[in-house]
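Given next are the chains, with one letter for each unit.
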Amino acid sequence: MTDTSEPDWTFRADCPTRPILDQIADKWSMMTMAVLAEPKRFNQIKRRLEGVTQRVLTQTLRRLERNGMIERRVLPTSPVGVEYSLTPLGESLREPFLHLYTWAVEHADDIGARQRAYDARSASARSSDG
């Protein structure tokens, strides 16, 4: 019996949702969108995202802009500045993202404990194999 609740193309390699999910599931994309609760300049975003390189942040911002999640606005300042903000489409992702983020925060300790237990079991199995 076939599950008909999802379209046939959902799990195909050419499914149009794959590149979208790849983009929004990327840690830097999600963290950047979280930082953009209010419009910010590039260096403000970079300072908030510890560990992100200038190159990776630039690529992330370009992908988010291309996908319609954020907009880039040139500011009439001297020197010229650029500000990034969420679009209505990007805002529509905030609620589901916040649910995922809240879940991750609530379960981080449990997941960490399970990872350590798995790693210990794996290390023990490797040492007994050798």
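What counts and how
- One numbering rule holds for all chains: residues counted from 1, following each sequence as written.
- For this predicted model, a pLDDT threshold of at least 70 governs which residues receive local features, and a threshold of 80 or more governs which side-chain atom pairs are given and counted, while totals over whole chains, interfaces and linings are taken from all residues.
- Side-chain metrics in this entry use all non-hydrogen atoms of the structure; hydrogen atoms and water are not considered.
- Should a side-chain nitrogen of Lys or Arg be within 4 Å of a carboxyl oxygen of Asp or Glu, the pair is scored as a salt bridge.
- In DSSP terms, a helix is any run of H or I states spanning at least four residues, a strand is any run of E spanning at least two, and both are numbered starting from the N terminus.
- The buried label applies to any residue whose accessible area, calculated with a 1.4 Å probe on protein chains only, is under 20% of its type's maximum; exposed applies above 50%, and partly exposed to all values in between.
- Helix axes use the C-alpha atoms of the stretch in contact, all axes being lines fitted to C-alpha atoms, and the angles between their N-to-C directions lie in the range 0 to 180 degrees.
- Comment on the angle field: the value is read as roughly parallel under 35 degrees, roughly antiparallel over 145, roughly perpendicular from 65 to 115, and oblique elsewhere.
- Should any heavy atoms of two residues lie within 4.5 Å, those residues are counted as being in contact.
- Following the grouping adopted for this structure description, the nonpolar residues are Ala, Val, Leu, Ile, Met, Phe, Trp, Tyr, Cys and Pro, the charged ones are Asp, Glu, Lys and Arg, and the polar ones are all others, Gly among them.

A. Examining the pattern of salt bridges more closely. On inspection of all chains with the given rule, the structure shows 5 salt bridges. Arg63 is paired through a salt bridge with Asp26; the nearest N and O atoms lie 3.7 Å apart. Linking Arg63 in helix 4 (residues 54-66) with Asp26 in the loop between helix 1 (17-25) and helix 2 (27-35), this pair joins segments that are 37 residues apart in sequence. A salt bridge links Glu83 to Arg73, with the shortest nitrogen-to-oxygen separation between them at 2.8 Å. With Glu83 in strand 3 (residues 81-86) and Arg73 in strand 2 (residues 70-75), this residue pair connects regions lying 10 residues apart in the sequence. What makes Glu83 buried here is its relative accessible area of 18%.

B. Fine view of the packing of helix 2 against helix 4. Closest axis-to-axis distance for the helix 2/helix 4 pair is 10 Å, and the angle between their directions is 75 degrees. One finds that helix 2 runs roughly perpendicular with respect to helix 4. On the side of helix 2, the interface is formed by Trp28, Ser29, Thr32 and Met33, while helix 4 contributes Val56, Leu57, Thr60, Leu61, Arg63 and Leu64. Each residue belonging to the contact of helix 2 with helix 4 can be placed in one class, and the counts come to 6 nonpolar, 3 polar and 1 charged.

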